[in-house]
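Overview (structure and organization)
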Number of protein chains: 2
Amino acid sequence: MALISPQPIKLSALKTACKNCKLHDLCLPLGLDTLDIDRLDEIIKRRKPLQKGEYLFRSGEVFTALYAVRSGSIKTYSENEQGDEQINGLYLPGELLGLDAIHDEVHPCSAIALETTSLCEIPFIALEDLSQHIPGLHHQLFRIMSKEIASDQTLLMLMAQKNAEERLAAFLVNLSSRLKQRNFSDIEFFLSLSRKDIGNYLGLTIETISRTFSHFQSKGLLETDRKYVKILDLHKLKSIAGLASDCSQDEQCPSKTAS
Amino acid sequence: MALISPQPIKLSALKTACKNCKLHDLCLPLGLDTLDIDRLDEIIKRRKPLQKGEYLFRSGEVFTALYAVRSGSIKTYSENEQGDEQINGLYLPGELLGLDAIHDEVHPCSAIALETTSLCEIPFIALEDLSQHIPGLHHQLFRIMSKEIASDQTLLMLMAQKNAEERLAAFLVNLSSRLKQRNFSDIEFFLSLSRKDIGNYLGLTIETISRTFSHFQSKGLLETDRKYVKILDLHKLKSIAGLASDCSQDEQCPSKTAS
DNA sequence: CGCTCACTTGAAGCAAATCAATTAGTGTGG
DNA sequence: CCACACTAATTGATTTGCTTCAAGTGAGCG
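Residues numbered from 1 in each chain as written. Chains lettered and ligands numbered in written order. Predicted model: local features only at pLDDT ≥ 70, side-chain atom pairs only at ≥ 80, totals over all residues. Heavy atoms only, no water.

1. Some thoughts on the domain arrangement of chain A
Residues and elements named next belong to chain A. Spelled out, the test is: Start and end positions for the domains come from either an automated domain assignment or a database one. Two residues form a contact once any of their heavy atoms are found within 4.5 Å. Here the quantity called buried area is the total loss of accessible area, with a 1.4 Å probe, experienced by two parts when brought into contact, counted for both. A pair is scored as a salt bridge if a Lys or Arg side-chain nitrogen falls within 4 Å of a carboxyl oxygen belonging to Asp or Glu. Polar contact is the term for a pair of N or O atoms within 3.5 Å; when the atoms are in protein, one must be able to donate a hydrogen and the other to accept it, and sequence-neighboring residues count only if both atoms are side-chain atoms. The secondary structure listing takes helices from DSSP runs of H or I that are at least 4 residues long and strands from runs of E that are at least 2 residues long, numbered from the N terminus.
One can read the domain layout of chain A as domain 1 (11-148) and domain 2 (162-251). The C-alpha centroid of domain 2 is placed 25 Å from the C-alpha centroid of domain 1. Contact residues are listed per partner, giving 15 residues for domain 1 and eleven residues for domain 2. Looking at the side of domain 1 facing domain 2, the largest losses of area belong to Ile-87, Leu-90 and Leu-92, adding up to 44% of the total buried there. Counting every contact that joins domain 1 to domain 2 gives three salt bridges. A salt bridge links Asp-197 to Lys-75; the nearest nitrogen and oxygen atoms lie 3.0 Å apart. The interface formed by domain 1 and domain 2 contains nine residue pairs in polar contact (both at pLDDT 80 or more). If you tally residues by element for the side of domain 1 that touches domain 2, the top one is strand β5 (residues 85-91), at seven residues.

This is the structure we're talking about:
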């Protein structure tokens, strides 16, 4: 996800250890003590950044490592026999990719950089081995996988029961809240996905996405200029998304802060 | 899933250990040696069977354990703020439920028995602890979670890109192959889900499911009588589902057996 | 028997897909 | 610098697959 005033990538950052990483409490080291983080650090490889359009891995390749996004963003998509693509994940800094490949040791999807993206590579055998000795790491891995399962199920609900407006609103609200967690603006950002990709992700066509954006804009909910989005009424968007009363990720909500 | 000539549940079966369980190689013990299976056995609790319509857990309840289906079947569904339900899982014997609750220790969905169902309860803290000491168990847990992620993504693709016929065909083919793995007939079975539930699961209405079944029947692909289904042309169904060339789960496929 | 419930079938309506035309940005080469 | 091709996005017109509404069937049950 390209962001408002993105920080240039410094070469020194490539050597940054987990313990100094700003994404520390979103990523794998969450809940580990300093010593254990050092041990985790030892198995993690920093890679040279991927350029936009470069593949991290392709569907069918043998699985050897998980990857954590450090900066930039990655989309994953799978292809069926007929050749149509389905985007099934958008990964932001601090998020872990490749979890769907563990069970048969082959990547079921391809991963491609949406912009210049730097990553940490975490060899899975070493990680499994290490997590045998660090209960906190072990638990955090389960948590991350569990979260992915739960969020896929939310997306499923979206697809099964929501109309175009509700889907796009939910997508934007979800993105907004994830950006906020990463200390980026939650109301102003650049989409790294094209309209076509958003449509694919949400099970809609590009025309429908475009029309729905226009509609939101005419209702004064947001402003767009190509990939730039400025949310003017986040609360209303949440309510369209069907998340009006769910403030679990939003400490602004009066009813929650009161309780 | 009610099955052709289902085996009556014997009381003695409740005491059966993992090592004698027919589901052994589909479930958690897969890949463990006899000794380790015994250790797993010690933490697992056999529960008295649930009757049809009884809840295993409800959305919002605190998560304490995973559950493995021994016989019968369970559906899980979540509810959004508007109160509409979304079925997000159908669990057959040997399959593990509750994985989506690990990350925030609360069940995001409810689980209800579709028929008389017996289960193993696996306290999660004990399981985590045990898997620290048994690498194979640890790995198997990752595999199971990874598989759930991958299968949710397949379902997502279904929802995003497939029409009613393709979705129902994919559902039936998937069910058929899972039943086969469990040594049940893959062409003749009873659906434990109602038409309404199938529709909900696939993001369609009951009327569309009914019409699509009728359509399949008139094309000679299958016969139905209420919940009973007999598949007459599994190959054609697979091709409708978009899985014609994918024989990964079907050892009948000549091109695969040849290789 | 009459009631309910699960399902089926038909007809009408609608949201989103498809088809189509236009605009605007991006890159290429003369 | 402009002409040209190419791609991404917007907007309008038309079509369509599924939903919604409606009516009816048949099994199961007190």
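2. Thoughts on the nonpolar core
Rules: Among buried residues, those of type Ala, Val, Leu, Ile, Met, Phe, Trp, Tyr and Cys that are joined through side-chain atoms within 4.5 Å constitute a nonpolar core. The buried label applies to any residue whose accessible area, calculated with a 1.4 Å probe on protein chains only, is under 20% of its type's maximum; exposed applies above 50%, and partly exposed to all values in between.
Ranked by size, the top nonpolar core spans 76 residues in total, and within it A:Phe171 and B:Phe171 carry the most contacts. Among all residues touching B:Phe171, those that are not within four sequence positions of it are B:Leu90, B:Leu191, B:Leu193, B:Ile198, B:Tyr201 and B:Leu202. Counting 54 residues, the second largest nonpolar core, distinct from the first, contains A:Ile37, A:Leu40, A:Leu137 and A:Met145.

3. Some points on the confidence of the model for chain A
Should the pLDDT be low somewhere, the predicted coordinates at that spot are not to be read in detail. All names here are of chain A. The line we're drawing: Note: pLDDT gives the predictor's confidence per residue, expressed from 0 to 100.
Summarising the model, chain A shows a mean pLDDT of 87, and 88% of its residues fall at 70 or more. Per-residue pLDDT stays below 50 along residues 8-14; that stretch engages in six contacts with residues further than four places along the chain or on separate chains. Overall, residues 245-259 carries pLDDT values under 50, and its contacts beyond four positions in sequence, including any with other chains, amount to eleven contacts.

4. Section: the sheet that holds strand β1 (residues 45-46) of chain A
Residues and elements named next belong to chain A. Heads up, the condition is: Two strands are said to pair when DSSP picks up at least two bridges between them. Comment: axis = line fitted to C-alpha atoms, over the contacting stretch for helices; angle = value between 0 and 180 degrees taken between N-to-C directions.
Taken together, the four strands give an open sheet; going across it, the order is β1-β8-β3-β6, and neighbouring strands pair in antiparallel fashion. Where the open sheet ends on each side, the last strands, each with one partner, are β1 and β6 (96-97). Bridge count for strand β3 (residues 65-71) against β6 is two bridges, and the pairing is antiparallel. Residue pairing across strands places Ala-68 opposite Leu-96, the latter belonging to β6. Its contacts with the sheet place helix α2 (residues 124-133) against β3 and β8 (118-123), and it is angled at close to 65° to β8.

5. What to know about the protein's contact with DNA strand C
We count it as follows: Nearness here has a simple test: a residue counts as near a molecule or strand if at least one of its heavy atoms is within 4 Å of that partner. Three residue categories are used. Nonpolar comprises Ala, Val, Leu, Ile, Met, Phe, Trp, Tyr, Cys and Pro, charged comprises Asp, Glu, Lys and Arg, and polar comprises the others, including Gly.
In the vicinity of DNA strand C lie 17 residues, with A:Ala164, A:Thr208, B:Ser210, B:Arg211 and B:Ser214 positioned nearest. Each atom of DNA strand C within 4 Å of the protein belongs either to a base or to sugar and phosphate, the latter forming 65%. Between DNA strand C and A:Glu207, the relevant distance is 3.0 Å, taken from a base nitrogen to a side-chain nitrogen or oxygen of the residue. Residue B:Ser210 places a side-chain N or O atom 2.7 Å away from a phosphate oxygen belonging to DNA strand C. Of all the secondary structure elements, the ones that give two or more residues to the surface near DNA strand C are α6 (206-218) of chain A together with α5 (195-202) and α6 (206-218) of chain B. Examining the composition of the surface near DNA strand C, we find that four residues originate from one element, α6(B), more than from any other. The residue inventory of the surface near DNA strand C, partitioned by class, reads two nonpolar, seven polar and eight charged.

6. Some remarks on the packing of aromatic side chains
Put simply, the test is: Note on aromatic pairs: the rings of Phe, Tyr and Trp (six-membered ring only in Trp) are paired at centre separations within 6.5 Å, and the planes decide the class, stacked below 30 degrees, edge-to-face beyond 60, tilted for the rest. Whether a charge sits over a ring comes down to the Lys NZ or Arg CZ being within 6 Å of the ring centre and within 35 degrees of the ring normal.
All chains considered together, the criterion is met by eleven aromatic pairs over all chains. For the ring pair A:Phe142 and B:Phe124, a centre distance of 5.8 Å and an interplane angle of 65° mean the geometry is edge-to-face. On the criterion of chain membership, the pair formed by A:Phe142 in helix α3 (residues 135-161) and B:Phe124 in helix α2 (residues 124-133) is interchain, its members lying in two chains. As far as burial versus exposure is concerned, A:Phe142 and B:Phe124 are alike and both buried. Members of the aromatic cluster, connected to one another through ring pairs, are A:Phe63, A:Phe124, A:Phe142, B:Phe63, B:Phe124 and B:Phe142. Lying over the aromatic face of A:Tyr55, A:Arg58 brings its terminal NZ or CZ to 3.7 Å of the ring centre.

7. Considering unusual backbone geometry
Residue and element names in this part refer to chain A. Even without a glycine there, the phi angle at Glu-105 is positive, about 60°. Among the structural elements, Glu-105 can be located in the loop between β6 and β7 (110-113). Positive phi, normally seen in glycine, also occurs at Asn-183, with a value near 65°. Among the structural elements, Asn-183 can be located in the loop between α4 (164-181) and β9 (188-190).

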